[in-house]
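# Coordinate inspection notes
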Amino acid sequence: MNYYFIACRTGGEEKVRAHLNKFFIRELGEDHDVFIFIPMRRMIDRRKGKKIMTDHPILPGYLLVSSEESLANFSLDVHRLSGCYGFLRNLDKTIELRGPDYEYAAWIMHNKGTIKPSKVVYKQGEPIKVVEGPLKDFMGTIISVDYRHSRVMVEFQFAEVIRKVSMPVEFIQPDSTDYNLD
């Protein structure tokens, strides 16, 4: 599987996604195998004292694209689409993701484009333990915990830059017998 990131106008991800879908249908046919996701994280927000789930972009201004075949021939055409800045490029000017970027894209795709809350055990002064969910197989580092807002700050490498993103978690009690905490 080949993975790509396409940069677009922040806030215009849905519009660019629709343009890209039409473009790839026109160029490759109805049965194309190009999948386009807006990488999202499902956050637990509080409004008027109630917890609600809302989706927020993980990387505003980027779309994740996967395809069995190479999309290198479409690089110039994609750049011409309204609101689209083109493929994210490696240092050698190729567009297929490699290394940590590839692993990060594969992790997002494995979670169907939306990172839902993971179940974690956290006790003050002890290391955090992820027992279930997307963060269990995450390659990044958890750098802080916000118990009140049910979030952890994670650090990961994307496009050769270290990024920090608040991710959703569900805290469970350390004495829970449902999970093996060893």
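Here is what the cut-offs are and how they apply
Residues numbered from 1 in each chain as written. Predicted model: local features only at pLDDT ≥ 70, side-chain atom pairs only at ≥ 80, totals over all residues. Heavy atoms only, no water. Helix = DSSP H or I, 4+ residues; strand = E, 2+ residues; numbered from the N terminus. Buried < 20%, exposed > 50% of the residue type's maximum accessible area, 1.4 Å probe, protein only. Contact = heavy atoms within 4.5 Å. Areas by Shrake-Rupley, 256 points an atom, 1.4 Å probe, with all protein chains shown as cover. Lys, Arg positive; Asp, Glu negative; His and termini not counted. Charge placed at Lys NZ, Arg CZ, Asp CG, Glu CD. 1 Å grid on protein atoms, 1.4 Å probe; cavity = no way out; pocket = protein on both sides within 12 Å on 5 of 7 lines; lining within 4 Å. Points joined across faces, edges and corners; volume = space filled by probe spheres on them. Nonpolar A, V, L, I, M, F, W, Y, C, P; charged D, E, K, R; others polar. Salt bridge = Lys/Arg side-chain N within 4 Å of Asp/Glu carboxyl O. Core = buried A, V, L, I, M, F, W, Y, C linked by side-chain atoms within 4.5 Å. Pairing = 2+ DSSP bridges. Axes fitted to C-alpha atoms, helices over the stretch in contact; angles between N-to-C directions.

## Remarks on the overall build of the protein
If you tally the helices and strands in the protein, you get three helices and 12 strands. Its C-alpha atoms give the protein principal-axis dimensions of about 55 × 40 × 30 Å. Within the span of the protein, comprising 182 residues, buried residues form 42% of the whole. Put simply, of all contacts in the protein between residues at least 6 apart along the chain, 62% involve residues at least 24 apart. Carbon and sulfur atoms provide 49% of the accessible area of the protein, an area that totals close to 10600 Å². Once the 26 positive and 25 negative side-chain charges of the protein are each reduced to a mean point, those two points are 9 Å apart.

## Describing the layout of surface pockets
There is about 230 Å³ of room inside the largest pocket. Considering only residue class, the lining of the largest pocket consists of five nonpolar, two polar and five charged.

## Quick notes on the environment of methionine 167
Within the element layout of this structure, methionine 167 appears in strand S12 (residues 161-172). A relative accessible area of 2% means that methionine 167 is categorised as buried. Sequence spacing of methionine 167 and arginine 151 is 16 residues, and the spatial spacing of their C-alpha atoms is 5.4 Å. Excluding residues that lie within four positions of it along the chain, methionine 167 makes contacts with Arg41, Met43, Ile58, Trp107, Ile115, Leu135, Ser150, Arg151, Val152 and Val154.

## Structural notes on the side chain of serine 150
Along the chain, serine 150 falls in the loop between strand S10 (141-146) and strand S11 (151-158). The buried category is assigned to serine 150, whose relative accessible area is 7%. Ignoring anything within four residues of it in the chain, the contact list for serine 150 reads Ile44, Lys51, Met167, Pro168, Val169 and Phe171.

## Some remarks on the pattern of salt bridges
Using the criterion set out here, one finds seven salt bridges in the structure. With its nearest N and O atoms 3.9 Å apart, the salt bridge here joins arginine 26 to glutamate 27. Among the salt bridges present, the one from aspartate 45 reaches arginine 151, with a minimum N-O distance of 2.5 Å. Residue aspartate 45 is found in strand S3 (residues 40-47), and its partner arginine 151 is found in strand S11; the two are separated by 106 residues along the sequence. The class for aspartate 45 is buried, based on a relative accessible area of 10%.

## Details of the nonpolar core
Ranked by size, the top nonpolar core spans 27 residues in total, and within it Phe5, Leu59, Tyr104, Trp107, Leu135, Phe158 and Met167 carry the most contacts. Those elements giving two or more residues to this core turn out to be strand S1 (2-8), strand S5 (62-67), helix H3 (99-110), S11 and S12. Not counting the four nearest positions on each side in its chain, tyrosine 104 is found in contact with Phe5, Ile58, Leu59, Phe138, Phe156 and Phe158. Formed by 20 residues, the second largest nonpolar core is a distinct cluster that contains Tyr4, Leu63, Phe74 and Cys84.

## A look at the sheet that holds strand S6 (residues 84-87)
The four strands are arranged S2-S5-S1-S6 in an open sheet whose pairing can be described as antiparallel. The open sheet is flanked by strand S2 (35-37) and S6, the only strands paired with a single partner. This sheet shows a mean twist of 25° between the axes of neighbouring strands, independent of strand direction. Examined bridge by bridge, S1 and S6 share three bridges and lie antiparallel to one another. Bridge assignment links isoleucine 6 to a residue of S6, and that residue is phenylalanine 87. Most of the contacts of helix H1 (residues 13-28) go to S5, to which it runs at about 25°, and overall it touches S1, S2, S5 and S6. On top of the sheet, H3 reaches S1, S2 and S5; it is set at about 90° to S1, its chief contact.

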